[in-house]
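A closer look at the structure
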Amino acid sequence: GEFAKKEFPSLYNESLFTISCADPQCGKTLSNEIKHVLDLIASSNIPERYKVTISGNLTTAGYMPDSNLGEKKYGFKLVIDQLLETGNPQASAAAEALKNYAKSEYKLDL
């Protein structure tokens, strides 16, 4: 961002270089509900490669600040879709738990 601002001041748009914090160092503490969904994913019998990807996506969305609700919503929706795509009942239960959390905590209808 600093390079673009210096070298291309007429084209520079700060919003293109603003990235939400999505890690434990600067992010929001994961809620108990997110931890519960992560536990459901971990204990499911979906393939490990899916667990890793889906859990990583959910953790990233969970760390995002509430002020970036659009990005958080996108992350939650991505995880729900990934869980449902597995066709696994345990993954579907995790998706439903995440939907309920998003609705109760953020008024998001996913």
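The following refers to the structure shown. (Residues numbered from 1 in each chain as written. Predicted model: local features only at pLDDT ≥ 70, side-chain atom pairs only at ≥ 80, totals over all residues. Heavy atoms only, no water.)

**Comments concerning the side chain of lysine 51**
Here lysine 51 shows up in helix H3 (residues 48-63). No salt bridge is formed by the buried lysine 51; the nearest opposite charge belongs to glutamate 48, separated by 4.0 Å. Of the polar contacts made by the side chain of lysine 51, one reaches the backbone oxygen of alanine 42; its length is 3.0 Å. Setting aside its immediate chain neighbours within four residues, lysine 51 contacts Ile41, Ala42, Ser44 and Ile46. (Helix = DSSP H or I, 4+ residues; strand = E, 2+ residues; numbered from the N terminus. Buried < 20%, exposed > 50% of the residue type's maximum accessible area, 1.4 Å probe, protein only. Lys, Arg positive; Asp, Glu negative; His and termini not counted. Salt bridge = Lys/Arg side-chain N within 4 Å of Asp/Glu carboxyl O. Polar contact = N/O pair within 3.5 Å; in protein donor to acceptor, adjacent residues only side chain to side chain. Contact = heavy atoms within 4.5 Å.)

**Looking at the pattern of salt bridges**
Scanning all chains against the criterion turns up 3 salt bridges. Two residues, lysine 72 and aspartate 66, come together in a salt bridge whose shortest N-O distance is 3.9 Å. The partner of aspartate 81 in a salt bridge is lysine 77, and the shortest N-O contact between them spans 3.0 Å. Of this pair, aspartate 81 and lysine 77 both sit in helix H4 (residues 69-85), 4 residues apart, roughly one helical turn. According to the relative accessible area criterion, aspartate 81 is partly exposed, its value standing at 30%. Look at the salt bridges and you will find they share partners, linking Lys28, Asp66 and Lys72 into a network.

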